[in-house]
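Structural description and commentary
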Amino acid sequence: DWSDKTGGSIEWVMKGENLLTEMYSALKAEVSVNKETDYNIPLLNSLKKSDRLLIVGQAMSHCVNYTTRDIIERWPKSELHKICVITDCMSSVTGFEKEGEEFLNFLKEKGIQTRLAKDVF
């Protein structure tokens, strides 16, 4: 629907396809074992073209956490204001709520915006 209404395109990214390594982040594996599990520079460069990067997904404690940290690590410091994590569009894996809270604290320390969906759209 969004693509039809805006004319924008969706770039689908597959992750976790290699059985030899864990891949919480959409940008890189925990331990790189080949080119496909290295840091995905083309994906980061595509994200950098955005006027505003809205981050949502599952789970806050794992995949969203690791992906966002990997983005922030290589994002231009002068453009961190473009990143916004929508906190009510994600939740932590049961039993890992502490990691989710630590992630939110990390975002605050880095000056990353957090918003509710109703305040973004």
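I will try to describe carefully the structure that is included in this document. Here the structure is a predicted model, which means the values were calculated and not measured. (Residues numbered from 1 in each chain as written. Predicted model: local features only at pLDDT ≥ 70, side-chain atom pairs only at ≥ 80, totals over all residues. Heavy atoms only, no water.)

1. Some remarks on the overall build of the protein chain
Stated formally: The way it works is that DSSP assigns letters per residue, a run of H or I at least four long becomes a helix, a run of E at least two long becomes a strand, and they are numbered from the N terminus. Per-residue accessibility, obtained with a 1.4 Å probe over protein chains only, is compared with the maximum for each type, and a residue is labelled buried under 20%, exposed over 50%, and partly exposed between these values. Contacts were defined at the residue level, with two residues in contact if any of their heavy atoms lie within 4.5 Å. Residue-level accessible areas treat just the shown protein chains as cover; the underlying method is Shrake-Rupley with a 1.4 Å probe. His residues and chain termini do not enter the charge count, which takes Lys and Arg as positive and Asp and Glu as negative. Charge coordinates come from a single atom per side chain, which is NZ of Lys, CZ of Arg, CG of Asp or CD of Glu.
Of the regular secondary structure elements, the protein chain holds five helices and three strands. The linear arrangement of helices and strands in the protein chain, starting from the amino end, is α-α-β-α-β-α-β-α. Taken along the three principal axes of its C-alpha coordinates, the protein chain extends 40 × 35 × 30 Å. Counting across all 121 residues of the protein chain, residues that qualify as buried make up 34%. Counting contacts in the protein chain only where the partners sit at least 6 residues apart, residues at least 24 apart contribute 65% of the total. Of the roughly 8000 Å² that the protein chain leaves accessible, carbon and sulfur atoms contribute 52%. The centroid of the 16 positive side-chain charges in the protein chain is displaced by 6 Å from the centroid of its 19 negative side-chain charges.

2. Notes on the layout of surface pockets
Cut-off, in case you're wondering: Computed over the protein atoms alone on a 1 Å grid, cavities are sets of points where a 1.4 Å probe fits but cannot get out and pockets are open sets with protein on both sides within 12 Å along at least five of seven lines; a residue lines them when it has an atom within 4 Å of a point. Grid points are joined across faces, edges and corners, and a volume is the space filled by probe spheres set on the points. Only Asp, Glu, Lys and Arg are considered charged in this grouping, and only Ala, Val, Leu, Ile, Met, Phe, Trp, Tyr, Cys and Pro are considered nonpolar; every other residue, Gly among them, is considered polar.
In this structure, the largest pocket encloses a volume near 1200 Å³. Together, 28 residues line the largest pocket, and Ile 10, Glu 11, Leu 47, Leu 53 and Leu 54 are the ones closest to its centre. Secondary structure elements with two or more residues in the lining of the largest pocket: helix H2 (41-48), strand S1 (53-55) and helix H3 (63-74). The greatest single-element share of the lining of the largest pocket, amounting to four residues, is contributed by H3. In terms of residue class, the lining of the largest pocket is built from 19 nonpolar, six polar and three charged. In this structure, the second largest pocket spans a volume of roughly 170 Å³. For the second largest pocket, the lining is made up of 14 residues, of which Met 14, Lys 15, Met 23, Glu 36 and Thr 37 are closest to its centre.

3. A look at the nonpolar core
Inclusion rule: By nonpolar core is meant a set of buried Ala, Val, Leu, Ile, Met, Phe, Trp, Tyr and Cys residues that side-chain atoms within 4.5 Å join together.
Core analysis: the biggest nonpolar cluster contains 20 residues, and Ile 71, Trp 75 and Ile 83 have the highest contact counts within it. Setting aside residues no more than four positions away along its own chain, Ile 71 makes contact with Leu 27, Tyr 39, Leu 44, Leu 47, Leu 53, Ile 55 and Ile 83.

4. Here we look at the environment of Asn 65
Along the chain, Asn 65 turns up in helix H3. Along the sequence, Asn 65 and Ile 41 sit 24 residues apart, while their C-alpha atoms lie 18 Å from each other. Those residues in contact with Asn 65 that sit more than four places away from it in its chain are Ala 59, Met 60, Glu 99 and Phe 103.

5. Notes on the pattern of salt bridges
Where we set the bar: Just to be clear on terms, a salt bridge is a Lys or Arg side-chain nitrogen sitting within 4 Å of an Asp or Glu carboxyl oxygen.
Across all of its chains, the model carries five salt bridges by this definition. Linking Glu 73 and Arg 74 is a salt bridge whose minimum nitrogen-to-oxygen distance equals 3.8 Å. Looking at Glu 73, the relative accessible area reads 47%, which means it is partly exposed. Accessibility expressed as a relative area gives 37% for Arg 74, which makes it partly exposed. Of the charged contacts, one joins Lys 98 and Glu 102 as a salt bridge, the two residues approaching to 3.8 Å between their closest N and O atoms. Taken together, the positions of Lys 98 and Glu 102, both in helix H4 (residues 97-110) and four residues apart, correspond to about one turn of that helix.

By themselves, these observations are geometric and do not establish any function.
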